[in-house]
Amino acid sequence: MIKYKELIMAYNHKTIEKKWQNFWDKHETFKTAEKTDKPKFYALDMFPFPSGQGLHVGHPEGYTATDIVSRMKRAQGFNVLHPMGFDAFGLPTEQYAMKTGRFPADITKENVANFRKQMKSLGLSYDWNREVNTTDPKYYKWTQWIFEQLYKRGLAYEDKIMVNWAPDLLGGTVVANEEVIDGKTERGGFPVYRVPMRQWVLRITAYADRLIDDLDDLDWPESIKEQQRNWIGRSVGASVFFDIENNNEKIEVFTTRPDTLFGASYMVLSPEHKLVDEITTPAQQVAVEEYRKAIASKSDLERTDLNKDKTGIFTGAYAINPVNGEKLPIWIADYVLASYGTGAIMAVPAHDTRDYEFAQKFALPIKAVIEGGDIDKEAYTGDGKHINSDFLNGLDKTAAIEKIIVWLETHNRGAKKVNFRLRDWIFSRQRYWGEPIPVINWEDGETTLVPEAELPLKLPYSDDIKPTGNGESPLANITDWVNVVDENGRKGRRETNTMPQWAGSSWYFLRYVDPDNQTALADLDKLKYWGPVDLYVGGAEHAVLHLLYARFWHKFLYDLGVVPTKEPFQKLVNQGMILGENHEKMSKSKGNVVNPDDIVEQYGADTLRLYEMFMGPLDQSIAWSEDGLAGSRRWLDRVWRLIMDDQNKLKANIVDNNDGKLAKIYNETVKKVTSDYEGLRFNTAISQLMVFVNDAYKVEQLPVAYIEGFIKLLAPVVPHIAEELWSQFHPDNSLAYAAWPTYDESKLVEDEIQVVLQVNGKVRGKIIVAADITPEELEKRALAEANMQKQLADLTIRKVINIKNKLINVVAN
RNA sequence: GCCGUUGUGGCGGAAUUGGCAGACGCGCUGGACUCAAAAUCCAGUUCCUUCACGGGAGUGUGGGUUCGACCCCCACCGACGGCACCA
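Reading the values: rules and limits
- Residues numbered from 1 in each chain as written.
- Chains lettered and ligands numbered in written order.
- Predicted model: local features only at pLDDT ≥ 70, side-chain atom pairs only at ≥ 80, totals over all residues.
- Heavy atoms only, no water.
- Phe/Tyr/Trp six-rings, centres within 6.5 Å; stacked < 30°, edge-to-face > 60°.
- Helix = DSSP H or I, 4+ residues; strand = E, 2+ residues; numbered from the N terminus.
- Buried < 20%, exposed > 50% of the residue type's maximum accessible area, 1.4 Å probe, protein only.
- Salt bridge = Lys/Arg side-chain N within 4 Å of Asp/Glu carboxyl O.
- Pairing = 2+ DSSP bridges.
- Axes fitted to C-alpha atoms, helices over the stretch in contact; angles between N-to-C directions.
- Domains from an automatic or database assignment.
- Parallel < 35°, antiparallel > 145°, perpendicular 65-115°, else oblique.
- Contact = heavy atoms within 4.5 Å.
- Nonpolar A, V, L, I, M, F, W, Y, C, P; charged D, E, K, R; others polar.

Can you lay out the packing of aromatic side chains for me, pointing to particular residues and giving the numbers?
Taken as a whole, this structure holds 44 aromatic pairs when the rule is applied. Centroid distance Phe147 to Trp200: 5.5 Å. Interplanar angle 75°. Geometry classified as edge-to-face. With Phe147 in helix H5 (residues 137-152) and Trp200 in strand S9 (residues 193-202), the pair connects residues that are 53 residues apart, well separated along the chain. Given a relative accessible area of 0%, Phe147 falls into the buried group. For Trp200, a relative accessible area of 1% gives the class buried. Consider the rings of Tyr666 and Phe692, whose centres lie 6.1 Å apart with planes at 65°: the pair is edge-to-face. Of this pair, Tyr666 sits in helix H20 (residues 663-678) while Phe692 sits in helix H21 (residues 682-696), placing them 26 residues apart in sequence. Since its relative accessible area comes to 7%, Tyr666 is described here as buried.

Here's what the structure looks like:
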């Protein structure tokens, strides 16, 4: 439905937008200078995956935001780096290629061309000379190089890991946890088995502490920082060693509450714990085996989400509490996860909800060691005086933890310990369309890296990219690529797994700084000049994965001395989602999808940019409104008519003379718009520009200086129409680098001010007074005002609050 | 369940440090222009009450602090996002 009717109008967005896009291209207006004396500003968008669908209306929101800031900063004399590129590896392309029998590389090329064309049609001021593409061998050479550095420092390793294996899907493939529902694949409903498989893993946990601690200094949304903290999940506690009766092994547990050690009444191992076979007594052997078998077919999801009812079985063995020598029965239960801590716990049912539930179900003893609460009803997890705890009696939680840790350490029974929820990053994918992992496995068992001089290790062209069916990547089928022989005739086989999509996106912002460098991922001096990113805008869906992985790689590169800063992105902003007109997420099935190409065609890119910025705060999710969009276009028409007449000439009332009538509003507008752009408050900046236009329509004469200033303020949001209007004053010249307007503070103050009059906090009137009035005189005038007199007639004045130049509040009763 | 964000007219949203609630836009109403319509320009538009001046209520709910609260504090309710037996 088209609400805005296209008429024969003076403001023709089609001609104007094409004209200026060509102008910018031809003159390379936005080509970034190398290092200069100017201060730098690095404004970055999260680069997109170039899907076959093209841009959706959510993309231009973030892109316009960084574009506005970039354009303002250029006018303010900054050297601005504002690049764009493509995160082009990924499963959707691979699947589309299989369906159509085409090469992923060819599909990618087309999609990228389409994306670039769409972005140019939006008038975004990117320096396209710096475009990067993660699938370009010249780019992924350095992705592979970073992997090799990680490997050399022991931060990339191979491990057998439990994966979700779906043998009946796509001829056998591994699926992600998110793709498994109720033990079946999300697509197709095929059964999923948990099997151990050899995977490449990156030791992100080695950086866990720094990844948490360095969040404090970042200018990021609190919610994202909090998500990362929770994801990393640092908890401080102690590890404690328990002897086993009639066995030389020890059980190590991690606990955040070592102070409750005297309250331990049993122990639990995860069913997969390596000591289970060793300690299970013959009498319990069959029962334990059956339990473990039942657990094995369950996914992690089922074990946690679907199973709040505790299950478990006694092993027949006993451990010894190191602090008092008590015998503790050892159980196995699936509420203890093999993947966290040591996969074993000491159970203190009196003071832990989960242990309490388990103890209730299996009639295990519950022994209180902290005062407070009622352990007949529920576990007490709060603080309090310790009881039944020998040398800890009388202490509170903090003091008791400190004391027991000293005891454990001096008796060699444990130590203070920090544990993380974060696990190492599974880095291999059994896919074709990703960066090859540059590793060779030789027949004698040796594993070597592809020598740096031979990078990039190129992904071979292949028209057979179907899964192998045995869990290996399609690359395993390409025999002349996989099989290698070294100079001594030794045979080897290349690693066939590829890297995940997160690899290329973990460092792309560094490459923009020096995109053609052949000898380093980027020149260190250039990185020193441009880094870190001053403004990074993108969707909140990348809160943990991309943003955590990128921080991890950046810190690693920092340790290598390859990058000069600890953190990659100083300021981060998440744009909100644009919802459909029915306030639901846009989707084809709901039929509420808005296509940006259609908007650009009908209303113009400037209208789209203006509308998306005016809808509301950048970080908020807001529903699309066709009426609102049409209103934005109408306002641009109104701006045009303010400056241009029916014959498309400058209006006759735009004059050199300045009668001062617009002085206050103009200076206010410059001040507010500048600071609002700076603070990314585009909706209020635009409303201020609207106020200026409303006022400008009410005066007879428009000073040239103010109109030029207004056009410059407008330009970052709607650059095409602004350039066209600017060219009326300065023919064939871009305003991109024209100096940003300044304001005169003295024009903002008024001779007369309005003061609000209140009685007991309620507004009873307003008076206009001279700005330099004395407080005494102001009070006198306020009390003399007619309605104030009426309101105060029967009351006694107790107090008068006099806020300078703002308000008088009379307290009376 | 836990953590985070958030709640303001018919709608999207403003409100600097605790000081006029509702800027700006959409929608709606009226006027000007027009033979008429569209477009445009101007004016009005939180709700109740009043011919009017004015008065009363009002920022999810209930309390509190204050001369004064959308803003600060306590408790609760709803929406959105994340995590989910993490010992």
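So much for the structure itself; the text now carries on.
Please provide a residue-by-residue account of the pattern of salt bridges, values included.
Under the defined criterion, the tally for this structure stands at 47 salt bridges. For Arg210, the salt bridge is made with Asp559, and the minimal N-O distance between the two is 2.9 Å. With a gap of 349 residues between them, Arg210 in helix H6 (residues 208-213) and Asp559 in helix H16 (residues 545-560) connect regions that are remote in the sequence. Of the residues examined, Arg210 reaches a relative accessible area of 30% and is grouped as partly exposed. Of the residues examined, Asp559 reaches a relative accessible area of 42% and is grouped as partly exposed. Shared partners join several salt bridges into a network, and the residues in it are Asp214, Arg551, Lys555, Lys566 and Glu567.

I'd love a proper account of the sheet that holds strand S29 (residues 762-770), names of residues and values included.
One open sheet accounts for four strands, arranged S29-S28-S31-S30; its pairing is mixed. Each of the sheet's edge strands pairs with one partner strand only, and the pair in question is S29 and strand S30 (797-803). Taking each pair of neighbouring strands and ignoring which way they run, the sheet shows an average axis angle of 20°. Here strand S28 (residues 752-759) pairs with S29 via eight bridges, running antiparallel. Looking at S29, one finds that Gln754 is bridged to Ile768.

An account of unusual backbone geometry is needed here, citing residue identities and associated values.
In this model, Leu455 is joined to Pro456 through a cis peptide bond whose omega is 0°. Structurally, the position occupied by Pro456 is in the loop between strand S19 (447-449) and helix H13 (479-482). In the segment running from Gly531 into Pro532, the intervening peptide bond is cis, with an omega of -10°. Of note, Pro532 is situated in the loop between helix H15 (524-530) and strand S22 (535-539). Unusually for a residue other than glycine, Asn388 sits at a positive phi of about 50°. By the element assignment, Asn388 lies in the loop between helix H11 (353-361) and helix H12 (397-410). A relative accessible area of 47% places Asn388 in the partly exposed class.

Please provide a residue-by-residue account of the domain arrangement of chain A, values included.
If you check the domain split of chain A, you get domain 1 (36-144 + 502-590), domain 2 (154-213 + 425-494), domain 3 (234-420), domain 4 (624-746) and domain 5 (750-812). A C-alpha centroid distance of 77 Å is found between domain 2 and domain 5.

Kindly report on the sheet that holds strand S18 (residues 439-442), identifying the contributing residues and their values.
Read across the sheet, four strands follow the order S19-S18-S21-S20 without closing on themselves; strand pairing throughout is antiparallel. A strand with exactly one partner marks an edge of an open sheet, and here the two such strands are S19 and strand S20 (483-485). When the angles between neighbouring strand axes are averaged without regard to direction, this sheet yields 35°. Bridge count between S18 and strand S21 (residues 491-494): three bridges; the pairing is antiparallel.

Help me get a handle on the packing of helix H2 (residues 58-75) against helix H18 (residues 605-614), residues and values and all.
At a minimum axis distance of 9 Å, the contact between H2 and H18 shows a crossing angle of 95°. One finds that H2 runs roughly perpendicular with respect to H18. In contact with Pro60, Glu61, Thr64, Ala65, Asp67, Ile68 and Arg71 of H2, H18 contributes Leu608, Arg609, Glu612 and Met613. The residue inventory of the contact of H2 with H18, partitioned by class, reads five nonpolar, one polar and five charged.

I'd love a proper account of the pairing of strand S12 (residues 266-269), names of residues and values included.
Both faces of S12 are covered, namely the face carrying Tyr266 and Val268 and the face carrying Met267 and Leu269. Two strands pair when backbone bridges link them, and S12 and strand S14 (residues 327-333) are joined in this way by three bridges, in the parallel orientation. Residue Leu269 lies in a different strand from S14, and its bridge partner there is Ile332.

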